[in-house]
Amino acid sequence: MAATPRIDERVFALLVAYIALFSAAVVEISGAGHVRWALYAVFAPLVAAALLPFRLTLVIGVLSVLAVGLIYGVALPDVLPGGRVAVLVGVAVACGVGLAVCRVRLRLMIARRRLALLSDASERFGSTLDVTQTARDLAEVTVPRFADVVSVGVFESVLRGREPPTELPAEPVELRLVALQPVSPGVHRGALKPGEYPQVSFPARYLSACMPARAGYVDDVDVKGWLAQDPSLAALTTGEGDGYAAIAVPLCARGGVLGTVIFLRHRRPRSFDGDDLVLAEEMGSRAAVCLENARRYCRERETSRILQQNLLPRRMPELAAVEVASRYLPAQHGAGVGGDWFDVIPLSGARVALVVGDVVGHGLLASATMTRLRTAVRTLADIDLQPDELLTHLDDVVLRLSTESAPVDGGADLDVDGAAGEVGATCLYAIYDPVAGLCTLASAGHPPPAMVAPDGSTRVVDVPPGPLLGLGGLPFEAVDVQVPEGSLLVLYTDGLIRGNHRDPDSGLQELLHALSTPQPSLEGSCRAVLGTLLDGRPTDDVALLMARTRVLNSDHAATWDLRADPAVVAEAREQAARQLAAWRLHDAAFTTELIVSELVTNAIRYAQPPVRLSLIHEDHSLICEVSDGSTTTPHLRRARTFEEGGRGLFIVAQLARRWGTRHSRHGKTIWAELAAGDGPDSGAA
């Protein structure tokens, strides 16, 4: 290790004192031509060669030669000429050997310092996948050990994660200054404000060759572009007699030029040599690879974020069953965008499906898998499957995705995260029926939802956890929960309760505590929950979905149990007409009576009891439902000319805006939706 300047001064002072004391002692003791004490004159040059810099070693050597010359040439005239010459030659040879040893030692020391700097740079570079931070690491690790001022500039496209330009523009090249590190803390960095990257110019001839350039005195044309960004730095190189040296290293990786790094020395006399140029090129090369990795990661993260934001619902639908609010927070930088998602899906009969899921992993693959699973859930929800049946089909989808993503023929196919293509996910699927005030839930390894009752009490809904999606062959279990009107259902992903390094149980208790505090709105509840459970940006993605339930009472829903008798069809039409008159939907009466007649007739003729007729009036729609005890699914077909049956569903399909069939544990329900308004005599089908 090199001695510090203070230690160098002390050693130099001690050696000078030694030479003075030695000279006085030799003059006092020696005489009559004796030169045996001259051996101690070589001690000072050799010690200086082992401990001091070259300049101080040279001074000690000169002082030693002068002292011996004065002693044996002036102070001791009786010394024989041969002895006098031997002493002078011996001391001179010792000084020469000392200077040579000192130069070798200093070169070895500089080499060790360079290797240590390169080692530290290798450990520092790549510790983060951020372009700006990687550039700052390059500047910080080299100041003041290698240069007095370091600036790093990159193309704006690289800063944004896009591809660097393939063809360099005409002179000068415009870069963005992302790191500027002066050696003195008193030099301010006004050019680099947080979040702002000033534009600087750089000679294109350095970048086009992709080779480092070294200059003893860099002309103002080369440096004025980036020095002018900060007057205090420009002043360092404009004073009279203040020489400075610089090395410009283009940052090249994988065939592209990302930017440049400039190393500047202005405080030390030694300029950059050839070894310094090699070291600067090596550090620039390693930093360029890390910058390229950070750029690619930035591009992937931005792609995943845009993909996820565009595929998650941006605006919640207005539903009669629930009032909803949601939040999605991506993980902090470094973890990558994950595969968390949520959805609110309107179903038949004014029901609504609440979905939240989490794909294992992060990155573009997780976002793409989330997209496919969300699409599959919406497709399966359109056929009105029960939650446990839907998760069973979704499990098959995940198994197929895993098979499709597996390497082919034992190849080394890797996804964007560098892992094998297995897919895993959790999901919670809930269906809320506002007519019955009932919520049916099923879980595939997902955290259970929380519920806040109208009186403010909180609890965790007991849902059988079920296996994760992708295991295959394991059953899922659904549970029915009676939900009072005005209750709050809270669905979330595990990133919410696992944040701040807490265990899930304590996180769940904190969630219940946060929900126990009343808030003026659902948006306020979302903010309160996230503010309580998360400290800054989460380490994992967080999806939060809140739904406040409503119940459709007799003003919006009517139900009649019907006998299995063909004569009841006329009664069903009359009851439907009276109910529509009470709702002041006279224009929809004829169409509704015709649909009721066809559906009730089919239920009595082809199905089995019990038969039930329901009418549901939402803001802009009228829903007619006929339930029976049969599990046979009717199919729409075109009846032949002379056939007496087969036209009922065809008529319903022509008159209704939408229609379909859903199955339950005890039968099925055929429903048809018509357009209807709020005012009187509005909304004919």
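Here the structure is a predicted model, which means the values were calculated and not measured.

(A) Highlighting the packing of helix 16 (residues 568-582) against helix 17 (residues 589-606). In contact at an axis separation of 9 Å, helix 16 and helix 17 are set at 145° when each is read in the N-to-C sense. Crossing of helix 16 over helix 17 shows right-handed handedness. Residue-level inspection shows Val 568, Val 569, Ala 572, Arg 573, Ala 576, Ala 577 and Leu 580 of helix 16 in contact with helix 17, the latter providing Ala 589, Thr 592, Glu 593, Val 596, Ser 597, Val 600, Thr 601 and Ile 604. Within the contact of helix 16 with helix 17, the residues separate by chemical class into 10 nonpolar, 3 polar and 2 charged.

(B) Just the nonpolar core, in detail. Of all hydrophobic cores here, the largest spans 57 residues; its most connected members are Trp 341, Leu 354, Leu 373, Leu 391, Leu 394 and Tyr 429. In terms of nonpolar packing, the next biggest core, distinct from the first, is built from 42 residues, Leu 138, Ala 139, Phe 146 and Phe 263 among them.

(C) Quick look at the sheet that holds strand 8 (residues 338-346). Pairing within the open sheet is antiparallel, and its 5 strands lie in the order 8-9-10-11-14. Two strands lie at the open edges of the sheet, namely strand 8 and strand 14 (478-482), each paired on one side alone. This sheet shows a mean twist of 15° between the axes of neighbouring strands, independent of strand direction. The pairing of strand 8 with strand 9 (residues 352-362) spans 9 bridges and is classified as antiparallel. If you follow Gly 338 over to strand 9, its bridge partner there is His 362. Strands in contact with helix 11 (residues 364-382) are strand 8, strand 9 and strand 10 (425-433); relative to strand 8, the strand with the most contacts, it is inclined by about 20°.

(D) Summary view of the confidence of the model for the protein. The predicted model of the protein averages 78 in pLDDT, with 77% of residues at 70 or higher. Confidence drops under a pLDDT of 50 for residues 216-222, and excluding neighbours within four residues, the segment shows 11 contacts in the predicted structure. Segment residues 678-685: pLDDT under 50, and 24 contacts once partners within four positions in sequence are set aside and those in other chains are kept.

(E) Main features of the pattern of salt bridges. Counted by the stated rule, this structure contains 18 salt bridges. Note that Glu 156 is salt-bridged to Arg 160, the shortest N-O span being 3.2 Å. Overall, the relative accessible area of 33% leaves Glu 156 in the partly exposed class. The exposure class assigned to Arg 160 is partly exposed, which follows from its relative accessible area of 48%. One connected set of salt bridges, linked through shared partners, spans Glu 163, Glu 292, Arg 295, Arg 296 and Arg 299.

(F) Spotlight on the environment of Lys 668. Along the chain, Lys 668 turns up in strand 21 (residues 667-675). Contacts of Lys 668, omitting those with residues within four sequence positions, involve Ala 607, Val 626, Ser 627, Asp 628, Ser 630, Thr 632, Pro 634, Thr 661, Arg 662 and His 663. Among the polar contacts made by the side chain of Lys 668, one reaches the main-chain carbonyl oxygen of Thr 632 at a distance of 3.2 Å.

Conventions used here
Residues numbered from 1 in each chain as written. Predicted model: local features only at pLDDT ≥ 70, side-chain atom pairs only at ≥ 80, totals over all residues. Heavy atoms only, no water. Axes fitted to C-alpha atoms, helices over the stretch in contact; angles between N-to-C directions. Helix = DSSP H or I, 4+ residues; strand = E, 2+ residues; numbered from the N terminus. Left-handed = near helix turned anticlockwise from the far one by under 90°. Contact = heavy atoms within 4.5 Å. Nonpolar A, V, L, I, M, F, W, Y, C, P; charged D, E, K, R; others polar. Core = buried A, V, L, I, M, F, W, Y, C linked by side-chain atoms within 4.5 Å. Buried < 20%, exposed > 50% of the residue type's maximum accessible area, 1.4 Å probe, protein only. Pairing = 2+ DSSP bridges. pLDDT = per-residue confidence, 0-100. Salt bridge = Lys/Arg side-chain N within 4 Å of Asp/Glu carboxyl O. Polar contact = N/O pair within 3.5 Å; in protein donor to acceptor, adjacent residues only side chain to side chain.

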